[in-house]
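Remarks on the overall topology
Listed below, chain by chain, are the residues.
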Amino acid sequence: MSNASWWERARKVLPGGVNSPVRSFKSVPGDPLFFREAAGCRFTDEDGRSYIDWCLSWGPLILGHADPEVHAAIQEALAEGASFGAPSRREVLLAEAFLDRLPHFDQVRFVSSGTEAVMSAIRLARGFTGRDLILKFTGCYHGHADHLLVEAGSGLATFGTPSSGGVPKGFTDSTAVLPLDDVPALEAFFAEHGDKLAALIIEPFPANSGLLIQRPEFMKACRDLTRKHGALLIFDEVITGFRVARGGAAEILGITPDMGTYGKIIGGGMPVGAYATSRAIMDHVSPTGPVYQAGTLSGNPVAMAAGLATLQKIGRPGFYEDLERKGARLQTGLEKAAADAGVTATVVRQGSLFWTVFQPDAPRAIEAIDGAKMETYGRLHRALIDRGVYLAPSGWEVGFVSAAHGDDEIDATVAAVADTFLSWS
Ligand SMILES: *Cc1c(COP(=O)(O)O)cnc(C)c1O
């Protein structure tokens, strides 16, 4: 059966034909492709066409699709049982590997998604501090828990309004929203509300509305102000954890958060999330403390095995240096393709995370992004599909370089982009 016939069947039985909205190609031309199988940096759709994949399941597959070591670990674990609902050794092994890489945390609790990790971390931050307010930034995504589906209120309102149907106004009353890259706004907020704030949550390299790399002063202000006012600093590292460096954003920024939330890579393609913090804070979580949090499939042995095999493989010497080299090769190639064709574009990159935006400078806040240019991205997306290259189906999403992308695939992608840009001029 073809892509088109699966899409027709899917739309009858799945809302919008999908199980997660961005997959529906709402912001790029054409219909979604249905994928049948994948290996390395390529996957094949139901029409039998193969693509170089730069979306890679939205970040988890830092080793590429169907990594042989990860799959062997999954099969070994699966043969011993799919779920125990009782303690098992792989939870301990993954926790040890995790904390070995992130020594600023004492303990980690595993859950089943990034959304669940953030939701649980915020509950713990509130339970620990005895305060209700949380602060987030426009353009940062933290999963779809009700109180985080919030957008900035109008005018000078600090507290947000729900950004989704089905979220009662009262659920977002305790969530403040500020723009990124605005230290004076942050200082003013803390002066007024700092002593009531449970936690500030931020993506340390915001990567859900393009890639909005922050100035060091801004990140330092987040750390200093939370510390001064007794609020917790939460780094949402669901994308950046184990991607930007072995020790995550803290290693690069030289800033240590009080809590971290994880997902994507930590599950190696299986559903895993995690939140980590100090022993003193974690003592407040059930069963030790009064903050309730649980999960039927938390610490699932097959998922733990995938995560552990992934962490082991990416922990080998030279891994991140190799990714950095590949990321730089891709960036240089894309920049040259744009310059040669006279296309105005900026390639923003942090290690193996990259984002192409059709404007002259790298924006640091969502307010600085020209939304009208997303149509240009849509045209690029379509042209690349025709040339066997798959980018995320939205110009607001970043791309991911994996260990499985070789120089040949990087160069083939650059050539396809160059060919597309030239066809526009
Ligand atoms: C993907 C993501 C989430 C949500 O994770 P899910 O596993 O999709 O629930 C949360 N925070 C950030 C920064 C993310 O990128």
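About the cut-offs
- Residues numbered from 1 in each chain as written.
- Predicted model: local features only at pLDDT ≥ 70, side-chain atom pairs only at ≥ 80, totals over all residues.
- Heavy atoms only, no water.
- Helix = DSSP H or I, 4+ residues; strand = E, 2+ residues; numbered from the N terminus.
- Rg over C-alpha atoms; globule rule 2.2 N^0.38 Å.
- Buried < 20%, exposed > 50% of the residue type's maximum accessible area, 1.4 Å probe, protein only.
- Contact = heavy atoms within 4.5 Å.
- Areas by Shrake-Rupley, 256 points an atom, 1.4 Å probe, with all protein chains shown as cover.
- Lys, Arg positive; Asp, Glu negative; His and termini not counted.
- Charge placed at Lys NZ, Arg CZ, Asp CG, Glu CD.
- Pairing = 2+ DSSP bridges.
- Axes fitted to C-alpha atoms, helices over the stretch in contact; angles between N-to-C directions.
- 1 Å grid on protein atoms, 1.4 Å probe; cavity = no way out; pocket = protein on both sides within 12 Å on 5 of 7 lines; lining within 4 Å.
- Points joined across faces, edges and corners; volume = space filled by probe spheres on them.
- Nonpolar A, V, L, I, M, F, W, Y, C, P; charged D, E, K, R; others polar.
- Near = heavy atom within 4 Å.
- Polar contact = N/O pair within 3.5 Å; in protein donor to acceptor, adjacent residues only side chain to side chain.
- Expected span 1.5 Å × (residues − 1).
- Parallel < 35°, antiparallel > 145°, perpendicular 65-115°, else oblique.
- Left-handed = near helix turned anticlockwise from the far one by under 90°.
- Domains from an automatic or database assignment.
- Buried area = accessible area lost by both parts, 1.4 Å probe.
- Salt bridge = Lys/Arg side-chain N within 4 Å of Asp/Glu carboxyl O.

With that settled, the discussion passes to the overall build of the protein. Helix and strand content of the protein: 12 helices and 16 strands. A globule of 425 residues ought to have a C-alpha radius of gyration of about 22 Å, and the protein, at 21 Å, matches this closely. Dimensions of the protein along its principal axes, counting C-alpha atoms only, are 60 × 55 × 50 Å. Looking at the protein as a whole, 55% of its 425 residues are labelled buried. Within the protein, contacts between residues separated by at least 24 positions form 71% of all contacts whose residues are at least 6 apart in sequence. Only carbon and sulfur atoms are counted for the fraction: they give 54% of the accessible area of the protein, which is about 17600 Å². Computed over 39 positive and 49 negative side-chain charges, the inter-centroid distance for the protein is 2 Å.

Pairing is antiparallel in the open sheet, where three strands are placed in the order β13-β14-β16. Of all the strands in the sheet, just β13 (346-350) and β16 (399-400) have a single pairing partner and so form its edges. Examined bridge by bridge, β13 and strand β14 (residues 353-357) share five bridges and lie antiparallel to one another. Bridge pairing in β14 places Q350 opposite L353. Relative to the sheet, helix α10 (residues 319-341) contacts β13 and β14, its axis offset from that of β13 by approximately 175°.

We now examine empty space enclosed by the protein. Across all of its chains, the model carries one cavity of 30 Å³ or more by this definition. Taken together, the elements giving at least two residues each to the lining of the largest cavity come down to α10, β14, α11 (374-386) and α12 (407-424). A class-by-class count of the residues in the lining of the largest cavity yields 16 nonpolar, three polar and one charged.

Turning next to the site of the ligand. Neighbouring the ligand are the residues S113, G114, T115, Y141, H142, G143, E203, N208, D236, V238, I239 and K264. One of the side-chain N or O atoms of T115 is found 2.6 Å from an oxygen atom in the ligand. K264 is positioned with one of its side-chain polar atoms (N or O) 2.7 Å from an oxygen atom of the ligand. Here the ligand, which alone exposes 380 Å², has 83% of that area covered by the protein. Here the shell around the ligand is built from residues that sort into three nonpolar, six polar and three charged.

This part takes up helix α3 (residues 89-101). Relative to the 18 Å expected for 13 residues at 1.5 Å per residue, α3 spans 19 Å between its end C-alpha atoms, a close match to the ideal helical length. Here α3 has its buried residues at R90, L94, A95, A97, F98, L99 and R101.

With that settled, the discussion passes to the packing of α11 against α12. It is at 10 Å that the axes of α11 and α12 come closest, and there the two elements cross at 125°. Compared by their axis directions, α11 and α12 come out oblique. Pair α11 / α12 crosses with right-handed handedness. For the pair formed by α11 and α12, the contact residues are T376, R379, L380, A383 and L384 on the first element and A416, V417, T420, F421 and W424 on the second.

The domain architecture assigned to the protein consists of domain 1 (3-66 + 317-424) and domain 2 (68-314). Taken over C-alpha atoms, the centre of domain 1 sits 26 Å from the centre of domain 2. Contacts between domain 1 and domain 2 engage 27 residues on the former and 33 residues on the latter. Both faces combined, the contact of domain 1 with domain 2 buries some 2500 Å², and carbon together with sulfur accounts for 66% of it. Contact with domain 2 buries surface across domain 1, with Y320, Q350 and R364 losing the most and accounting together for 27% of the total. The tally of links between domain 1 and domain 2 comes to one salt bridge. The partner of D181 in a salt bridge is R364, and the shortest N-O contact between them spans 3.2 Å.

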